[in-house]
Amino acid sequence: MEIQKVNLASKLNIFNDYWSPKIVGALNNQLVKVAKFKGEFVMHHHDHEDELFYVIEGKLFIELKDKTLELGAGEFVIIPKGVEHKPYAPDEVHVMLFELASTLNTGNVDNDLTVNDLDKI
């Protein structure tokens, strides 16, 4: 296996679609993903997986049942398994995600935003 560095900015320049995470790395049954978010997502939870959102550029909001988190560039949050959450971004935001390989982007919800087969870039 060849060890290679990953340039997140160049990976994010490859695509323009929103709410469709792309795999940029893998370690210990975890996937490292990048995504562009804009607009509303869906309230959902993950029964078996925690989820880490790291903001690379822009501003991300994550609505919880009792409050809304605001994350700026350089900040991250871990959403524990079972916790209902709804990401949204009024303007485009670039995000890195750390998730188990089994994590479905819409968790317990299956709709038109669900991505079953992630692209590896």
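Quick note: structure is the one above.
Fair warning: this is a prediction, and the values are worked out from it, not measured in the lab.

S.K.: Is there a simple way to explain the overall build of the chain in this structure?
M.R.: Helix and strand counts for the chain come out as one helix and eight strands. Sequence-ordered secondary structure for the chain, helices as α and strands as β, is α-β-β-β-β-β-β-β-β. A compact globule built from 121 residues should have a C-alpha radius of gyration of about 14 Å, and the chain, at 14 Å, falls within 12% of that. With respect to the principal axes defined by its C-alpha atoms, the chain has extents near 45 × 30 × 25 Å. Taking all 121 residues of the chain together, the buried fraction comes to 43%. In the chain, 65% of the contacts between residues at least 6 apart in sequence involve partners at least 24 apart. Taken as two groups, the 12 positive and 20 negative side-chain charges of the chain have centres that lie 4 Å from each other.

S.K.: Please explain the side chain of lysine 86 as it appears in this structure.
M.R.: With respect to the helices, strands and loops of the structure, lysine 86 is situated in strand β7 (residues 86–100). In this structure the side chain of lysine 86 is engaged in a polar contact, spanning 2.7 Å, whose partner is the side chain of glutamate 40. Setting aside residues no more than four positions away along its own chain, lysine 86 makes contact with Glu40, Phe41, Val42, Met43, Phe61, Ile62 and Glu63.

S.K.: Just to check I follow, could you spell out the pairing of strand β4 (residues 60–63) for this structure?
M.R.: Regular strands place side chains that alternate from one sheet face to the opposite one. Bridge analysis of β4 against strand β5 (residues 68–71) gives four bridges, and the strand direction is antiparallel. Bridge pairing links isoleucine 62 to leucine 69 in β5. Once β4 ends, the chain turns through four residues before running back antiparallel as β5. Pairing of β4 with β7 involves three bridges; the strand directions are antiparallel. The partner of isoleucine 62 across the bridge, within β7, is proline 87.

S.K.: In this structure, what is going on with the side chain of histidine 45? I would like to understand it.
M.R.: For histidine 45, the position within the fold is in the loop between β2 (30–40) and β3 (51–57). By relative accessible area, histidine 45 is classed as buried at 15%. Looking at histidine 45, its side chain comes within polar contact range of the side chain of aspartate 47, at 2.8 Å. Within the structure, the side chain of histidine 45 is placed 2.7 Å from the side chain of glutamate 84, a separation counted as a polar contact.

S.K.: Even after reading the chapter, I still don't get the nonpolar core, so can you show me in this structure?
M.R.: In globular proteins that are soluble, nonpolar side chains generally tend to be buried together. By size, the foremost hydrophobic cluster in this structure holds 17 residues, and its most contacted members are Phe37, Phe53, Leu60, Ile62, Val93 and Val95. Residue assignment for this core shows that the elements contributing at least two residues are β2, β3, β4, β6 (76–79) and β7. Ranked by residue count, the leading element in this core is β7, at four residues. Residues within four places of valine 95 in sequence aside, it is in contact with Lys33, Val34, Ala35, Phe37, Phe53, Tyr54, Ile56 and Leu60.

S.K.: What's the story with the packing of aromatic side chains in this structure? I'm lost.
M.R.: When we look at a pair of aromatic rings, we describe it by the centre distance and by the angle of the planes. Counted by the stated rule, this structure contains three aromatic pairs. Pairing tryptophan 19 with phenylalanine 41 gives two aromatic rings, centres 4.6 Å apart and planes at 25°, and the pair type is stacked. One end of the pair, tryptophan 19, is in the loop between α1 (8–12) and β1 (22–27); the other, phenylalanine 41, is in the loop between β2 and β3, with 22 residues separating them in the sequence. For the pair formed by tryptophan 19 and phenylalanine 41, the shared burial category is buried. Ring centres of phenylalanine 61 and tyrosine 88 lie 5.2 Å apart, and the angle between their planes is 10°; this geometry places the pair in the stacked category. With phenylalanine 61 in strand β4 and tyrosine 88 in strand β7, this pair connects stretches of sequence that are 27 residues apart. Using a relative accessible area of 16% as the deciding quantity, one classes phenylalanine 61 as buried.

What counts, and where the lines are drawn
- Residues numbered from 1 in each chain as written.
- Predicted model: local features only at pLDDT ≥ 70, side-chain atom pairs only at ≥ 80, totals over all residues.
- Heavy atoms only, no water.
- Helix = DSSP H or I, 4+ residues; strand = E, 2+ residues; numbered from the N terminus.
- Rg over C-alpha atoms; globule rule 2.2 N^0.38 Å.
- Buried < 20%, exposed > 50% of the residue type's maximum accessible area, 1.4 Å probe, protein only.
- Contact = heavy atoms within 4.5 Å.
- Lys, Arg positive; Asp, Glu negative; His and termini not counted.
- Charge placed at Lys NZ, Arg CZ, Asp CG, Glu CD.
- Polar contact = N/O pair within 3.5 Å; in protein donor to acceptor, adjacent residues only side chain to side chain.
- Pairing = 2+ DSSP bridges.
- Core = buried A, V, L, I, M, F, W, Y, C linked by side-chain atoms within 4.5 Å.
- Phe/Tyr/Trp six-rings, centres within 6.5 Å; stacked < 30°, edge-to-face > 60°.

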